[in-house]
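Next come the chains, spelled out residue by residue.
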Amino acid sequence: MTHLLRSSVETCAWGYFDASLPAAVEIASGDTVRIETLSGGPEVMPPDTTGFYVPPEIHDIHARSDRSVPGHILTGPVAVRGAEPGDVLEVSIEDVKLRQDWGWNVIRPLGGTLPDDFPKSHFTPIPLDRDTLTATLPWGLKLPLNPFFGVMGVAPPPDWGRISTIQPRAHGGNIDNKELVAGTTLFLPVFVAGAMFSCGDGHGAQGDGEVCITAIETALEGTFRLTVRKDLDFSYPRAETPTHLITMGMHPDLDRCVEMALRDMIRWIVARTGISRENAYMLCSLAGDLRVTQTVNGNKGIHMMMARDLVQPGSGTQETET
């Protein structure tokens, strides 16, 4: 079954995750849900004279939504029946579409990877062509789009209370990983009954690092198949693309992020293949790629990518027998 969750004051939380939020919709494990999302406050809305399409519900959200915590507009949460703490929510990203024909980018003083280098705010509206999937940058460059959701997460542990969407953590959130496009799968550890999945922070395009603090921010619609996995024991977000396994580290110190992503990849390789930790560590050195996910969210990000064809399940059986 496919469900539709539209964005509205009733279905959007502006700036926060909170385990006490009631579900906007409840679905069965394995069902598909289409989720509309929005992006940006009143200050980034284009003038009517531009002719750009603006999803009309965003004005009501600007006027009436609680904005007690700084962060992104999220749509959700989606409760998945049967999900319990200790489970893993499998988020299969089946489709990602643009909802509007424009996006925006902003540089803010004291923010981004070079917080002291740009003392003035700089806002750039960016036209998007939904037919050719390109953005036109101010100097005329046609930049290919590769839309994805910067924020995808489940409800955090109840004891965390209300937390900003800005910092990514164990529940997912503002991961900002450009690999998580349509056709990939994100795995999130579950902390509350129903898992309570939300998403937002639509990106039309982003480089690894997201260095100036924003990507091409825009409104997206995503189609997700949400499945409860009781056979997995992941304690931190992981992902799979058609070609790669991805582990993640999130911490203010990039060195710690590297250690987190690497250790989790070693665990995953050992569990999949049966080879020793030493051999998995060696394989990470020979064939794994550490990439900077983002450097601007307080908790920075590193993700490690390993080609799936190098770590086929059970491929270390001979070593185990030896």
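Definitions and limits used
Residues numbered from 1 in each chain as written. Predicted model: local features only at pLDDT ≥ 70, side-chain atom pairs only at ≥ 80, totals over all residues. Heavy atoms only, no water. Helix = DSSP H or I, 4+ residues; strand = E, 2+ residues; numbered from the N terminus. Buried < 20%, exposed > 50% of the residue type's maximum accessible area, 1.4 Å probe, protein only. Pairing = 2+ DSSP bridges. Axes fitted to C-alpha atoms, helices over the stretch in contact; angles between N-to-C directions. Contact = heavy atoms within 4.5 Å. Disulfide = S-S within 2.5 Å. Salt bridge = Lys/Arg side-chain N within 4 Å of Asp/Glu carboxyl O. Expected span 1.5 Å × (residues − 1). Polar contact = N/O pair within 3.5 Å; in protein donor to acceptor, adjacent residues only side chain to side chain. Core = buried A, V, L, I, M, F, W, Y, C linked by side-chain atoms within 4.5 Å.

Remarks on unusual backbone geometry
With an omega of 0 degrees, the peptide bond between Gly 76 and Pro 77 qualifies as cis. Along the chain, Pro 77 falls in strand β6 (residues 73-80). The backbone phi angle of Asp 201 is positive, close to 55 degrees, even though this residue is not glycine. Inspection of the secondary structure assignment puts Asp 201 in strand β16 (residues 197-203). Using a relative accessible area of 4% as the deciding quantity, one classes Asp 201 as buried. The backbone of Ile 213 shows a phi angle near 100 degrees, a positive value even though the residue is not glycine.

Quick word on the pairing of strand β21 (residues 300-307)
The buried fraction of β21 amounts to 7 of the 8 residues, a majority that puts the element mostly inside the structure. Note that strand β19 (residues 244-251) and β21 share 8 bridges and pair antiparallel. By the bridge assignment, Met 250 is partnered in β21 with Gly 301. Two strands pair when backbone bridges link them, and strand β20 (residues 289-294) and β21 are joined in this way by 5 bridges, in the antiparallel orientation. The residue bridging Arg 291 from the neighbouring strand is His 303, located in β21.

Comments concerning the sheet that holds strand β8 (residues 102-107)
Within the open sheet, the 4 strands sit side by side as β8-β9-β10-β11. Their pairing is antiparallel. The open sheet terminates on both sides in strands that have one partner only, identified here as β8 and β11 (142-144). Between one strand and the next, the sheet's axes are offset by a mean angle of 30 degrees, whatever the strand orientation. Relative to strand β9 (residues 122-129), β8 runs antiparallel, the two sharing 6 bridges. Each residue of the ladder has a partner; that of Trp 104, found in β9, is Pro 125.

Focus on the sheet that holds strand β7 (residues 88-98)
Ordered in space as β1-β5-β17-β7-β15-β18-β19-β21-β20, the 9 strands form an open sheet in which the pairing is mixed. The open sheet has two edge strands with one neighbour each: β1 (2-5) and β20. Taken pair by pair, the neighbouring strands of this sheet meet at an average axis angle of 25 degrees, ignoring direction. Taken strand by strand, helix α3 (residues 277-287) contacts β20 and β21, and its axis lies near 95 degrees from that of β21.

Quick look at the state of the cysteines
In total, this model carries 0 disulfides according to the counting rule given. The cysteine Cys 212 is free of any disulfide, with Cys 257 supplying the nearest cysteine sulfur at 20 Å. Assessed through its relative accessible area of 24%, Cys 212 is described here as partly exposed. This cysteine, Cys 257, is not joined by any disulfide, and Cys 284 carries the nearest cysteine sulfur, 16 Å off.

Some thoughts on the pattern of salt bridges
This model, assessed by the stated rule, comprises 19 salt bridges. A salt bridge links Glu 221 to Arg 34; the nearest nitrogen and oxygen atoms lie 3.2 Å apart. On the criterion of sequence distance, the pair formed by Glu 221 in strand β17 (residues 220-229) and Arg 34 in strand β5 (residues 32-36) is long-range, its members being 187 residues apart. Residue classification places Glu 221 among the buried positions, given a relative accessible area of 15%. What makes Arg 34 partly exposed here is its relative accessible area of 32%. What emerges from the salt-bridge pattern is a single network uniting Arg 6, Glu 36, Glu 57 and Arg 99.

Here we look at the pairing of β9
Note: β9 against strand β10 (residues 134-136), 2 bridges, orientation antiparallel. Bridging from a neighbouring strand, Leu 128 pairs with Ala 135 of β10. Taking the residues between adjacent antiparallel strands as the criterion, β9 and β10 are bridged by 4 residues, where Leu 133 takes a positive phi near 50 degrees.

Describing helix α2 (residues 254-273)
Its 20 residues place the ends of α2 28 Å apart at the C-alpha level, agreeing with the 28 Å of an ideal helix rising 1.5 Å per residue. Between the side-chain oxygen of the N-cap and the backbone nitrogen of Asp 255 there are 2.8 Å, and the N-cap of α2 in question is Asp 253.

Quick notes on the nonpolar core
Among the nonpolar cores identified, the biggest contains 42 residues, and Leu 89, Val 91, Met 152, Leu 186, Phe 197, Phe 224 and Leu 226 are the most heavily contacted of them. With 5 residues, the single largest contributor to this core is β7. Excluding residues that lie within four positions of it along the chain, Leu 89 makes contacts with Val 80, Val 154, Leu 186, Phe 187, Leu 188, Val 190, Ala 195, Phe 197, Leu 226, Thr 227 and Val 228. Of all hydrophobic cores here, the second largest spans 19 residues; its members include Phe 187, Ile 266, Cys 284 and Met 304.

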